[in-house]
Amino acid sequence: MKIALKNIIAFNPEQNLNKKTSLIIEDGIITKIGNITPEDSKNSKVYDLTDKYCSPGFFDMHVHLREPGREDKETIETGALAAANGGFTGIACMPNTTPAIDSAEVVTFIKEKAKNNLVDIFPVGAVTVERKGELLSPMAELYDAGAVAFSDDGVAVKSSRILRTALEYAKMFNLPIIDHCEDDSLAGGAMNESFNSTLLGLPPIPSVAEDIIVSRDLLLAEYLDARIHIAHISTRRSVELVRMAKSRGIKVSAEVTPHHFTLTDDAVKTYDTNTKMNPPLRTNADVTAILEALKDGTIDCIASDHAPHAIEEKEVEFEDAPNGIVGLETQIGLAFTELYHKKILSLEQMIEKLAINARKILNIPIPKIEVGAEANLTIFDPDEIWTVDISKFKSKSKNSPFNKRLLQGRSVAVLNKGKMYYKGSFIEI
Amino acid sequence: MPLTSRHLLGLQGVPKEDILLILDTATTFKEVLDRPIKKVPTLQGKTVVNLFYENSTRTRISFELAEKRLSADALNFSVSTSSVKKGETFKDTIRNIEAMKVDMIVVRHSAAGVPYFLTQISNCNVINAGDGTHEHPTQALLDFYSIREKLGRLQGVRVCIVGDIAHSRVALSNIFGLKAVGAEVSVCGPATMIPGFIEDLGVKVYHRIDDAIMENDVLNVLRIQLERKAREYFPSIREYHNYFGITRERLDRLGKDILILHPGPINRGVELSSEIADGMNQIILQQVTNGVAVRMAVLYLLGTQN
Ligand SMILES: [Zn+2]
């Protein structure tokens, strides 16, 4: 198959590329960049993409697929479909499945299942066996099977000694430990501790529960000269700590979710369980600090923490509801609306935080837009205005606080592995 | 003049006029309660469900009595565990109850926000009989009723709530309601039991009970929970009693006469000394009657809106 992406703006800060051109793609490979000749148009399917951009395919490094274990909430297939629909060509999936991704078999199972998907799926291995925080998982075997990082996400690695061991061990593969930073002896509530938690009478989670673990992790990473990645950073202090650590040369990276830069704990006021997440939605001061940190590079990338839950699990008392929201299909819209259109980030920074930096953190090659390269691209329209409709989600779960929200910026199509996802269907290219 | 809301979910945002209307209506009903035939036909034909997810015999009986005095059909629905543990969602339970053609739901739950959630999924009038550590509006209203009965006014009265403010559902309702009617509100307790940001509500914080006694007209003393979990917040009962307990000796030493309220049951020797507790029998009994009158007023005002 041969397709032509006509009048598109090819954009890749890694290649200093920003130009209006056309791309010919044959059998999944970029074979021409430049003007389309009548000859080209004759024997290829032509897409006119005036004013649309294409960049290296977007990548989300924090996704919870529920397979194996809770296939009623999400499977590898539906998760990958939601990712394609949301504009991603690659995702990393977290190990809190049942069983956990703590053996090479589970890594292989996921990779095997994902093999024919357009979206590349990279499993994150567990740090400890069954994510219990006691015994190291077989990290070398996980790495050999294809794990791209290690995490006990859902909980922090509680014991500093175990974390130390894991950080040292992971250095052999140059992979980061991704930590969910939460001191559970301080946390355990249902929302951020603030004026709002007092008003709502909900058990509070203090922001310092995150800050304490972030500081411990940074100090250990510095001491061991090892790599730490802070998952879903959400507080002002944590951001300050990471900024300071980076200035001291500590090998730290950090991600933020769209909900943590879009919403504050004001959203909890209606006791909507779709505003319950971990870390919880914080205050205005935290959001301001996060925006600043995105701008100055303290925060490396945007990740959804896509956490599908069944409707009946969320339609319960706030305190009993599970944490998390689906995010793959709102991430791009929220990021462009809140960051690009509000002039927090330039387009170049947007692409770094949506496509490039996450791959760098996980040692995954960054797709190139050049002749001979495999077409791994996201085509997006930064200006398209659209309304979120959870009933249109491809994810099996619909737990989102953003239903009916007006957004500006959207993925138009994704291309990878010889396929294109465009207007709701897959096309061989 | 009707109430401004269809529900009584809490006292946050409830206007002064509504609170005073409830208290004035309660006065009328208290007279009914003194009659030989303690019943009025006001809510005849209305069905009220007392939906209690948490054991609270006192509050439930008070509501039930209020409903019967108003001639409503009262149904009790007690669920011992949360819906999650039971495997049925809260929503399913409500659908089942609504199918019984219910007009009003009185709900008590250990989780904050449940009464609000109920208004989203049901057409009934909802009355919050206590949700988690959020609000317990009828308890606060009966406190206001008792204060007004004793002191003749609420405007300008200085009320201090003493005890575990952070884990109390009564404290917030008292704070919102008392502020609305023009009283001054403060709280007193160990720092670990005062929720963060409470000063942002315009509430003064005391950590010395003597100061609280000297600078207030009313002490609303909360019951201290003695379970293990609550005990994480102070070193020992002895220490709590010595530093925050109200004793005869303390009041005599300060030479201060002060109105003391307590929602009951009292932990003698903890928040109140035995002598103080003995002296409160009268007011506690009055509080019980006032509780029925206030709940009749709330049920009546909500149940006859349309
Ligand atoms: Zn997490």
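Residues numbered from 1 in each chain as written. Chains lettered and ligands numbered in written order. Predicted model: local features only at pLDDT ≥ 70, side-chain atom pairs only at ≥ 80, totals over all residues. Heavy atoms only, no water.

1. Description of the overall build of chain B
Part 1 of the reasoning: A tally of regular secondary structure across chain B gives twelve helices and nine strands.
Part 2 of the reasoning: In terms of overall size, chain B behaves like a compact globule, its C-alpha atoms giving a radius of gyration of 19 Å where 306 residues would be expected to give roughly 19 Å.
Part 3 of the reasoning: Across its three principal directions, the C-alpha atoms of chain B cover 60 × 45 × 35 Å.
Part 4 of the reasoning: For chain B, the proportion of its 306 residues judged to be buried stands at 57%.
Part 5 of the reasoning: Within chain B, contacts between residues at least 6 apart in sequence are counted, and of these 73% link residues at least 24 apart.
Part 6 of the reasoning: Carbon and sulfur atoms provide 50% of the accessible area of chain B, an area that totals close to 13,000 Å².
Part 7 of the reasoning: Across chain B, the 36 positively charged side chains and the 34 negatively charged ones have centroids separated by 4 Å. (Helix = DSSP H or I, 4+ residues; strand = E, 2+ residues; numbered from the N terminus. Rg over C-alpha atoms; globule rule 2.2 N^0.38 Å. Buried < 20%, exposed > 50% of the residue type's maximum accessible area, 1.4 Å probe, protein only. Contact = heavy atoms within 4.5 Å. Areas by Shrake-Rupley, 256 points an atom, 1.4 Å probe, with all protein chains shown as cover. Lys, Arg positive; Asp, Glu negative; His and termini not counted. Charge placed at Lys NZ, Arg CZ, Asp CG, Glu CD.)

2. With respect to the interface of chain A and chain B
Often, the extent of an interface is quoted as the loss of accessible area on bringing the components together.
Part 1 of the reasoning: The interface is formed by 17 residues belonging to chain A together with 25 residues belonging to chain B.
Part 2 of the reasoning: In total, chain A and chain B occlude about 1,700 Å² of area from one another, counting both sides; carbon and sulfur atoms represent 62% of this.
Part 3 of the reasoning: If you look at where chain A meets chain B, you find one salt bridge.
Part 4 of the reasoning: Connecting chain A to chain B are seven residue pairs in polar contact (both at pLDDT 80 or more).
Part 5 of the reasoning: Sort the elements by how many residues they give to the side of chain A that touches chain B and helix α6 (residues 195-200) of chain A lands first, with four residues.
Part 6 of the reasoning: A breakdown of the residues in the side of chain A that touches chain B according to their chemical character gives seven nonpolar, four polar and six charged. (Buried area = accessible area lost by both parts, 1.4 Å probe. Salt bridge = Lys/Arg side-chain N within 4 Å of Asp/Glu carboxyl O. Polar contact = N/O pair within 3.5 Å; in protein donor to acceptor, adjacent residues only side chain to side chain. Nonpolar A, V, L, I, M, F, W, Y, C, P; charged D, E, K, R; others polar.)

3. Observations regarding the pattern of salt bridges
When the charged atoms of two side chains with opposite charge come close together, those side chains can pair.
Residue and element names in this part refer to chain A.
Part 1 of the reasoning: Evaluated as defined, the whole model comprises 40 salt bridges over all chains.
Part 2 of the reasoning: A salt bridge links Asp72 to Arg70; the nearest nitrogen and oxygen atoms lie 2.8 Å apart.
Part 3 of the reasoning: Looking at Asp72, the relative accessible area reads 43%, which means it is partly exposed.
Part 4 of the reasoning: Overall, Arg70 belongs to the partly exposed group, its relative accessible area being 32%.
Part 5 of the reasoning: Where Asp217 meets Arg216, a salt bridge forms, and the shortest distance between an N and an O atom there is 3.1 Å.

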